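Results of the structural survey
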Amino acid sequence: MNPTHGPLQGKVAIVTGAASGIGREIAHELARGGAAVAIADLNAEGAQAVAADIQAAGGRALGLAMDVTDEAAVNAGVARVADHFGGLDILVSNAGIQIVNPIEEFSYADWKRMLAIHLDGAFLTTRAALPHMYGAGGGTVIYMGSVHSHLASPLKSAYVTAKHGLLGLSRALAKEGGKRGVRSHVVCPGFVRTPLVDRQIPEQARELGISEEEVVSRVMLGNTVDGEFTTLQDVARTVRFLAEFPTAALTGQSIVVSHGWHMQ
Ligand code: NAD
């Protein structure tokens, strides 16, 4: 797709946590659809590198350093994006981390960090983006949930709590934003091979007392219909579909992209 003629031509998107993994693929996919894309990440160098790749492919992109848990940094970053590209139509709140531990060993600091990145980050970026969307008559907010927005797994109490919480924020936004043209969704992937998941394999093997192969085949893929990881493209294409969808027939939804692991 030529980025200068795609269906998202004229739209401006910000993707958080887009220096790596799922966010990076979403940034590329939205750019292929014609959107101007801001890559916002703690990792400033990584964000710049993704922006440079998009520009090299003929797209419009801006890399910026942004910690989604820092209120002032989020407000300044979102304002800069809107100023640079002349508006903001699409927010993909994707930045996230994983910390696995049994509840009785989960440190309060880790718990707070998990909720801060996943939930405070989603709230702060949404709050900063909304005035631009309302001012322009609408927009789309997409939160990166997980199958763990619907199911629980051992060792992931903070992650499961945060990912469930995103459903609430998204549904509240769908109600509040409906009359002002803002739609909201949670995309819920199964396991995707990214640095976030690669780090979990040895950790879970140790905690659960099984081999790394068993973590992959039983814990991660055992309930899929085809034994396949969800791919970066599976997730990015879903986000793009939702960003392009033209009416509020689809809003407040959670879309599970998991090779049949979870069916709702
Ligand atoms: P990743 O580790 O590859 O990328 C995460 C990115 O977020 C990194 O670039 C990191 O620098 C950035 N980040 C971390 N903390 C940040 C902060 N405070 N502010 C700004 N940026 C920050 O991980 P990923 O697998 O691509 O995960 C992306 C999202 O997808 C997360 O929300 C994750 O929970 C979700 N998810 C991942 C999977 C999976 O299997 N990989 C499955 C379901 C959902």
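Data block above holds the structure.
Criteria and thresholds
- Residues numbered from 1 in each chain as written.
- Predicted model: local features only at pLDDT ≥ 70, side-chain atom pairs only at ≥ 80, totals over all residues.
- Heavy atoms only, no water.
- Helix = DSSP H or I, 4+ residues; strand = E, 2+ residues; numbered from the N terminus.
- Rg over C-alpha atoms; globule rule 2.2 N^0.38 Å.
- Buried < 20%, exposed > 50% of the residue type's maximum accessible area, 1.4 Å probe, protein only.
- Contact = heavy atoms within 4.5 Å.
- Areas by Shrake-Rupley, 256 points an atom, 1.4 Å probe, with all protein chains shown as cover.
- Near = heavy atom within 4 Å.
- Polar contact = N/O pair within 3.5 Å; in protein donor to acceptor, adjacent residues only side chain to side chain.
- Nonpolar A, V, L, I, M, F, W, Y, C, P; charged D, E, K, R; others polar.
- Pairing = 2+ DSSP bridges.
- Axes fitted to C-alpha atoms, helices over the stretch in contact; angles between N-to-C directions.
- Core = buried A, V, L, I, M, F, W, Y, C linked by side-chain atoms within 4.5 Å.
- Expected span 1.5 Å × (residues − 1).
- Bend = angle between axes of the 7 residues up to and from the residue.
- Arc of directions from axis to C-beta.
- Phe/Tyr/Trp six-rings, centres within 6.5 Å; stacked < 30°, edge-to-face > 60°.
- Lys NZ or Arg CZ within 6 Å of the ring centre and 35° of its normal.

1. Things to note about the overall build of the protein
Helix and strand counts for the protein stand at eight helices and seven strands. Taken against the 2.2 N^0.38 rule, which gives 18 Å for 264 residues, the C-alpha radius of gyration of the protein at 18 Å falls within 12% of a compact globule. Considering only C-alpha atoms, the protein reaches an extent of 55 × 40 × 35 Å along its principal axes. Burial status across the protein gives 54% buried among its 264 residues. Across the protein, every contact between residues at least 6 apart in sequence was considered, and the portion connecting residues at least 24 apart equals 70%. About 11500 Å² of surface is accessible on the protein, with carbon and sulfur atoms providing 52% of the total.

2. Thoughts on the site of the ligand
Close to the ligand lie 30 residues, the nearest being S20, D41, Y159, V192 and T194. Within the side chain of T194, a nitrogen or oxygen atom sits 2.5 Å from an oxygen atom of the ligand. In isolation the ligand offers 830 Å² of accessible surface; the protein chains occlude 93% of this area. If you list the elements that add at least two residues to the shell around the ligand, you get α1 (21–32), α4 (108–136), α5 (157–177) and α6 (195–208). At four residues, the largest contribution of residues to the shell around the ligand is made by α6. Looking at side-chain class alone, the shell around the ligand contains 16 nonpolar, ten polar and four charged residues.

3. Observations concerning the sheet that holds strand β7 (residues 253–257)
Across the sheet, which stays open at both edges, the seven strands sit in the order β3-β2-β1-β4-β5-β6-β7 with parallel pairing between neighbours. Pairing within the sheet leaves two strands with one partner each, and these edge strands are β3 (61–65) and β7. Recorded for the sheet is a direction-independent mean angle of 15° between the axes of neighbouring strands. Two strands pair when backbone bridges link them, and strand β6 (residues 182–189) and β7 are joined in this way by five bridges, in the parallel orientation. When the sheet's bridge partners are listed, V186 is paired in β7 with S254. Against the sheet, α1 contacts β1 (12–16), β2 (36–41), β4 (90–93) and β5 (139–144), and its axis sits at roughly 170° relative to β1. Where helix α8 (residues 232–244) meets the sheet, its contacts fall on β4, β5, β6 and β7, and the angle it forms with β5 comes to roughly 155°.

4. Structural notes on the nonpolar core
Of all hydrophobic cores here, the largest spans 38 residues; its most connected members are I14 and V81. Secondary structure elements with two or more residues in this core: β1, β2, β3, α3 (71–85), α4, β5, α5 and β6. A total of nine residues in this core trace back to one element, the largest contributor, which is α4. In terms of nonpolar packing, the next biggest core, distinct from the first, is built from 29 residues, L30, V37, I39 and M144 among them.

5. Observations regarding the environment of G177
Residue placement: G177 occurs in helix α5. When the C-alpha positions of G177 and T251 are compared, they lie 9.8 Å apart, and in sequence the two are 74 residues distant. For G177, the residues in contact, after removing those within four places along its chain, are Y134 and V182.

6. Quick look at α4
The first and last C-alpha atoms of α4 sit 41 Å apart over 29 residues, in line with the 42 Å expected at 1.5 Å per residue. The sharpest bend along α4 measures roughly 40° and falls at A116. Count one or two residues on from α4 and you reach G137, which has phi positive near 90°.

7. Quick look at helix α7 (residues 212–220)
Because an α-helix packs 3.6 residues into every turn, residues spaced three or four apart end up facing the same way. Among the residues making up α7, those that are buried are V215, V216 and M220. Axial view of α7: buried residues confined to an arc of 95°, hence all on one face. In this structure, the buried residues of α7 make contact with α6.

8. Some remarks on the packing of aromatic side chains
Enumeration over the complete set of coordinates arrives at two aromatic pairs. For the pair F191 and W261, a centre-to-centre distance of 5.3 Å together with 10° between the ring planes defines the contact as stacked. Residue F191 is found in the loop between β6 and α6, and its partner W261 is found in the segment after β7; the two are separated by 70 residues along the sequence. When sorted by exposure, F191 lands in the same class as W261, which is buried. Across from the ring centre of Y134, 3.8 Å away, lies the NZ or CZ of R180, which sits over that ring.

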